[in-house]
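# Working through the structure, step by step
So the chains spell out like this:
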Amino acid sequence: MQVRAEAVTSPVDDDARDAGATRASRRRVWPLLVLLAVVTFAADQASKVWALDALVPGAPRDLVGSVLRLNLIFNSGAAFSLGAGTTWLLTVVAVVIGVLVAWHARRIVSVPWAVAGGLVMGGLLGNLYDRLFRPPSFGQGHVVDFLDYSGFFIGNVADIAIVCAAILVALLSFVGISYDGTRAPDHAPSEEDTHA
């Protein structure tokens, strides 16, 4: 008679293994989040430097007919020029949001959430840089916007990154994928789905 030995693991061993796997995953996604934030910030600032050099305020240029035009403006407010008289308050809000995003980003393990975090952080930093360092004064700088969507909205590369991040976060939340890569129980595949 042959007796097969089975490895016995304790819950403590399982918890330690899960914690180790989580730390390893976190190490893998942090560089992606930081890289995307840096690339987004650099692309935003480079495009603004180009826009300031190539465009003249009040002289829009058609890019894709009148659907998408290049139209340089200096926005003292938020999206749709809301809050134009409270630039300093928008700067403070942007700093607070940036700190919150950075604090939550350290818990991200999922690659899609890291992509969203990198995009939102890069976009936020791009517009925050304008508010801090562009005229008329520190903390009250006007954001450089130059992408005109049929006159409905004029934005920049940072805005595109933030909108893409928001869409990705909405999709991830809709399908139930958490920042740690796990699925919510009501979104997990059923046993019938896995056998199908």
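Residue numbers here run from 1 along each chain, matching the order of that chain's written sequence. Where totals are concerned, whole chains, interfaces and linings use all residues; where local detail is concerned, this predicted model gives features only for residues with pLDDT of at least 70, and gives and counts side-chain atom pairs only at 80 or more. Computation of side-chain values covers all heavy atoms of the structure but excludes hydrogens and water.

### Focus on the overall build of the chain
In terms of helices and strands, the chain carries 5 helices and 4 strands. Runs of H or I in DSSP of at least four residues are treated as helices and runs of E of at least two as strands, each being numbered from the N terminus. Reading the helices (α) and strands (β) of the chain from amino to carboxyl end gives α-β-β-α-α-β-β-α-α. Once local pairs closer than 6 in sequence are excluded, the contacts in the chain between residues at least 24 apart make up 63%. Pairs of residues are marked as contacts when any of their non-hydrogen atoms sit within 4.5 Å.

### Let's talk about the sheet that holds strand E4 (residues 153-155)
One bridge is not enough; two strands pair if DSSP finds at least two bridges between them. The 4 strands are arranged E1-E2-E3-E4 in an open sheet whose pairing can be described as antiparallel. Among the strands making up the open sheet, the edge pair consists of strand E1 (61-64) and E4. Along the sheet, successive strands turn relative to each other by an average axial angle of 40°, direction set aside. Pairing geometry for E1 and strand E2 (residues 68-75), over 3 bridges, is antiparallel. The residue of E2 that forms the bridge with Asp62 is Arg69. Only C-alpha atoms enter the line fits that serve as axes; for helices the fit covers just the stretch in contact. Angles between N-to-C directions range over 0 to 180 degrees. The sheet strands contacting helix H4 (residues 157-175) are strand E3 (143-149) and E4, and the helix crosses E3 at an angle near 70°.

### Quick word on the packing of helix H3 (residues 111-133) against H4
The angle between the axes and the distance between the axes are what describe a pair of packed helices. At a minimum axis distance of 8 Å, the contact between H3 and H4 shows a crossing angle of 150°. When the axes of H3 and H4 are compared, the pair comes out roughly antiparallel. Judged by the sense of rotation from one axis to the other, the crossing of H3 with H4 is left-handed. Between H3, through Pro112, Trp113, Val115, Ala116, Leu119, Val120, Gly123, Leu124 and Asn127, and H4, the contact on the second element is made entirely by Ala158, Asp159, Ala161, Ile162, Cys164, Ala165, Leu168, Val169, Leu172 and Ser173. Grouping the amino acids of the contact of H3 with H4 by side-chain chemistry returns 15 nonpolar, 3 polar and 1 charged. When describing relative orientation, an angle under 35 degrees is termed roughly parallel and one over 145 degrees roughly antiparallel, while 65 to 115 degrees is termed roughly perpendicular and anything else oblique. Left-handed is the label given to a crossing in which the near helix is rotated counterclockwise from the far helix by less than a right angle, and right-handed is the label when the rotation is clockwise. Under the convention adopted here, Pro, Cys and the residues Ala, Val, Leu, Ile, Met, Phe, Trp and Tyr are nonpolar, Asp, Glu, Lys and Arg are charged, and Gly plus all remaining residues are polar.

### Points about H4
Each full turn of the α-helix corresponds to 3.6 residues, which orients residues three or four apart in the same direction. In this scheme, a helix's expected span is set at 1.5 Å multiplied by one less than its residue total. If you check H4, its first and last C-alpha atoms are 27 Å apart, about what 19 residues at 1.5 Å a residue would give, namely 27 Å. Whether a residue is buried, partly exposed or exposed follows from its accessible area with a 1.4 Å probe, protein chains only, as a fraction of its type maximum: under 20%, in between, or over 50%, in that order. Residues of H4 that are buried include every one of Ala158, Asp159, Ala161, Ala165 and Leu172, and no others. Summarising the axial view, the buried residues of H4 lie within an arc of 160°, below the 170-degree limit, and thus occupy one face. For H4, exposure combined with an orientation more than 90 degrees from the buried face picks out Leu171 and Phe174. N-cap assignment for H4: the residue whose side-chain oxygen lies 3.0 Å from the backbone N of Ala158 is Asn156. Comment: arc refers to directions from the helix axis out to C-beta atoms. Counting of polar contacts relies on pairs of N or O atoms within 3.5 Å, with two restrictions inside protein: one atom must be capable of donating a hydrogen and the other of accepting it, and residues adjacent in sequence are counted only when both atoms are side-chain atoms.

### Focus on the pattern of salt bridges
For this document, the term salt bridge refers to a Lys or Arg side-chain nitrogen within 4 Å of an Asp or Glu carboxyl oxygen. For the coordinates displayed, the defined rule picks out 4 salt bridges. Among the salt bridges present, the one from Asp44 reaches Lys48, with a minimum N-O distance of 2.8 Å. Taken as a pair, Asp44 and Lys48 lie in helix H1 (residues 11-54) at a separation of 4 residues, close to a single helical turn. Look at Asp44 and you get buried, because its relative accessible area is 0%. In this structure, Lys48 and Asp130 form a salt bridge, with 2.8 Å as the shortest nitrogen-oxygen distance. Taken together, the residues span a long stretch of sequence, with Lys48 in helix H1 and Asp130 in helix H3 at a distance of 82 residues. For the pair formed by Lys48 and Asp130, the shared burial category is buried. Connected through salt bridges with shared partners, the residues Asp44, Lys48, Asp130 and Arg134 form a single ionic network.

### What to know about the UniProt feature "transmembrane region" (unreviewed entry) in the chain
UniProt positions are given in the numbering used here, feature names are shortened, and annotations may be inferred rather than shown by experiment. UniProt feature "transmembrane region" (unreviewed entry): in the numbering of this structure it lies at residues 32-52, 72-103, 110-129 and 149-175. As annotated, residues 32-52 comprises 100% helix and 0% strand, and the C-alpha atoms at either end are separated by 30 Å. In this annotation, residues 149-175 is assigned 70% helix and 15% strand; the end-to-end C-alpha distance for the span is 30 Å.

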